[in-house]
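Fold and geometry: a report
Take a look at the letters that make up each chain.
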Amino acid sequence: MRIGLYPGTFDPITLGHMDIIRRAAALVDRLVIGVAINRDKGPMFSLEERVAMVEAETSPLAQAAGVEIIAHPFENLLIDCAHDVGAGIIIRGLRAVADFEYEYQMVGMNRQLDDSIETVFLMAEAQHQAIASKLVKEIARLGGDVNKFVTPTVAEALSQKLA
């Protein structure tokens, strides 16, 4: 069984994330969405809220693709999380060259920790390349329309969180 791990903070999950998840699901039998606790980033949504959003947004995709997609909170090293869930592949989404430079360093470090786990990069589709959770939260905070960047359910969760 091919198990892939797609890690991130998902604060909140965006259409860019969903694009990567949809395409990653075609590569594996089970896709684990690693929801990072990452207290240093000061997430807007609690871990429980982010896991629930990931589960709600990916459930229809899992059914349509015929692949198991599960949300898995983690706070340890990414490579240790990969071991915990039995992943042989780490999936990373790229938006721009700056993403690649950071990710390149991460792959090098992860390969030093365990060279049996491969990292696969998926480029975001052109219409999603500018989407970043941080920017979506800022637009929402300033009263802008985020419907081009997130699903209606996530837009409503942002609205309620900021009310």
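Look up a bit, the structure's there.
To start, this report covers the structure provided alongside it. Note that the coordinates shown come from a computational prediction; the quantities given were computed from them, not determined experimentally.

Rules behind the numbers
Residues numbered from 1 in each chain as written. Predicted model: local features only at pLDDT ≥ 70, side-chain atom pairs only at ≥ 80, totals over all residues. Heavy atoms only, no water. Salt bridge = Lys/Arg side-chain N within 4 Å of Asp/Glu carboxyl O. Helix = DSSP H or I, 4+ residues; strand = E, 2+ residues; numbered from the N terminus. Buried < 20%, exposed > 50% of the residue type's maximum accessible area, 1.4 Å probe, protein only. Right-handed = clockwise from strand over helix to strand, strands pointing away. 1 Å grid on protein atoms, 1.4 Å probe; cavity = no way out; pocket = protein on both sides within 12 Å on 5 of 7 lines; lining within 4 Å. Points joined across faces, edges and corners; volume = space filled by probe spheres on them. Nonpolar A, V, L, I, M, F, W, Y, C, P; charged D, E, K, R; others polar. Arc of directions from axis to C-beta. Contact = heavy atoms within 4.5 Å. Phe/Tyr/Trp six-rings, centres within 6.5 Å; stacked < 30°, edge-to-face > 60°.

A word on the pattern of salt bridges
Taken as a whole, this structure holds ten salt bridges when the rule is applied. Residues aspartate 19 and arginine 23 are paired through a salt bridge, measuring 3.2 Å at the closest nitrogen-oxygen approach. Residue aspartate 19 and its partner arginine 23 are both found in helix α1 (residues 15-25); the two are separated by four residues, about one turn of the helix. Owing to a relative accessible area of 4%, aspartate 19 belongs among the buried residues under this scheme. Across the pair glutamate 49 and lysine 161 runs a salt bridge, and its minimum N-O distance is 2.9 Å. Of this pair, glutamate 49 sits in helix α2 (residues 47-65) while lysine 161 sits in helix α6 (residues 152-162), placing them 112 residues apart in sequence. For glutamate 49, a relative accessible area of 31% gives the class partly exposed. Accessibility expressed as a relative area gives 32% for lysine 161, which makes it partly exposed. Several salt bridges share partner residues, and in doing so they unite Asp19, Arg22, Arg23 and Glu125 into one network.

Points about the pairing of strand β1 (residues 3-8)
The buried count for β1 comes to six of six residues, which makes it a mostly enclosed element. After leaving β1, the chain enters α1 and then returns to the sheet as strand β2 (residues 30-36), a path that is right-handed.

A look at the environment of alanine 56
Secondary-structure assignment places alanine 56 in helix α2. Each C-alpha atom, one on alanine 56 and one on lysine 134, is 21 Å from the other, the two residues being 78 residues apart in sequence.

Focus: the layout of surface pockets
Space inside the largest pocket adds up to approximately 1100 Å³. What lines the largest pocket is a set of 40 residues, among which Pro7, Gly8, Thr9, Lys41 and Arg92 lie closest to the centre. Put simply, the parts of the chain that give the lining of the largest pocket at least two residues each are β1, α1, β4 (89-94), α4 (97-113), β5 (118-123) and α5 (133-141). For the lining of the largest pocket, the leading source of residues is α4, giving six residues. Looking at the lining of the largest pocket residue by residue, the classes come out as 18 nonpolar, 13 polar and nine charged.

A look at α6
Among all positions of α6, only Val154, Ala155 and Leu158 are buried. When α6 is viewed along its axis, its buried side chains cluster within an angular range of 105° and face the same direction. The outward face of α6, more than 90 degrees from its buried face, is lined by the exposed residues Pro152, Thr153 and Gln160. Looking at the packing, one finds that the buried side of α6 touches α2 and α5.

Considering the packing of aromatic side chains
Each aromatic ring pair is described using two quantities: the centre-to-centre distance and the angle formed by the ring planes. For the structure on display, the rule yields three aromatic pairs. Ring centres 5.4 Å apart and planes at 75° place the aromatic pair tyrosine 6 and phenylalanine 10 in the edge-to-face group. For tyrosine 6, a relative accessible area of 5% puts it in the buried group. Its relative accessible area of 2% is what places phenylalanine 10 among the buried residues.

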